[in-house]
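Letter by letter, the chains look like this.
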Amino acid sequence: MYSYNEAGYESFSTSVLNKENLEQLHQVFENKTSLIIGLSGVGKSSLVNSIFPHLNLKTGAISAYTEKGLHTTTFAHMYRINEHSFIIDTPGIKEFGLVDIDEYEVGHYFPEIRKEMNNCKFNNCLHINETGCAVKQLLEEGKFSPSRYTSYLTFYEEIKGAKKW
Ligand SMILES: Nc1nc2c(ncn2[C@@H]2O[C@H](COP(=O)(O)OP(=O)(O)OP(=O)(O)O)[C@@H](O)[C@H]2O)c(=O)[nH]1
Ligand SMILES: [Mg+2]
Ligand SMILES: [Zn+2]
């Protein structure tokens, strides 16, 4: 699986069941306000509970039929951990609404594209089918994650589509 670390995001896997990397995650929550997002049923509230049991957040089962969550958390709520640390547990999302981003800016939000875009021939390169695109070049050489490139295209299309009406 492609590592988000390579793209420039700190990332690691956790498991509540196997008590994996929970202390590491605990450190991440220190001295900041953290927002927990992800699909319903992935275990957001369970993860928070495992680190801060006193919060006693409601958690739910996965539907045996759809294997998806049942939207156990129904509203976003911010919990105070200490004077400097807050945690916001949210209901499972279906999709993000992307606000106020121009289609030309999508690449700026992908660290690995941002790093490369100065090497594109055109400064307004969309990294789709322009000649001299450094991102496409890397993709062809197998040095850019195809799944991340697909994500980029998905966001790009979504934003472009949203502007049509
Ligand atoms: N195997 C496994 N199951 C987990 C883990 N964490 C949570 N679960 C289970 O996943 C199910 C859903 O957990 P929740 O914490 O309610 O999920 P959520 O992401 O908060 O879901 P919503 O509030 O609906 O968005 C529960 O049955 C948990 O017991 C884990 O690390 N491993
Ligand atoms: Mg929840
Ligand atoms: Zn480009």
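Here the structure is a predicted model, which means the values were calculated and not measured.

### A short note on the nonpolar core
In terms of nonpolar packing, the biggest core is built from nine residues, these being Val106, Phe110, Ile113, Cys120, Cys125, Cys133, Val135, Phe144 and Tyr152. For valine 135, the residues in contact, after removing those within four places along its chain, are Ile113, Glu116, Cys120, His127 and Phe144.

### Quick notes on the sheet that holds strand β2 (residues 77-82)
By definition, the strands of a sheet pair up through backbone hydrogen bonds, in either a parallel or an antiparallel sense. Strand order in the open sheet formed by three strands is β1-β3-β2, and the pairing between neighbours is mixed. Taken across any chain shown, the strands that pair with only one partner, and hence form the sheet edges, are β1 (33-36) and β2. Shown here is a sheet whose adjacent strand axes are inclined to one another by a mean of 20°, direction ignored. In this structure, β2 lies alongside strand β3 (residues 85-89), joined through five bridges in antiparallel fashion.

### Some details on the domain arrangement of the protein chain
In terms of domains, the protein chain is made up of domain 1 (4-89) and domain 2 (103-162). Domain 1 and domain 2 are separated by 31 Å when their C-alpha centres are compared.

Rules used in this analysis
- Residues numbered from 1 in each chain as written.
- Chains lettered and ligands numbered in written order.
- Predicted model: local features only at pLDDT ≥ 70, side-chain atom pairs only at ≥ 80, totals over all residues.
- Core = buried A, V, L, I, M, F, W, Y, C linked by C-beta atoms within 7 Å.
- Buried ≥ 20, exposed ≤ 12 C-beta atoms within 10 Å, placed from the backbone.
- Contact = placed C-beta atoms within 7 Å.
- Pairing = 2+ DSSP bridges.
- Helix = DSSP H or I, 4+ residues; strand = E, 2+ residues; numbered from the N terminus.
- Axes fitted to C-alpha atoms, helices over the stretch in contact; angles between N-to-C directions.
- Domains from an automatic or database assignment.

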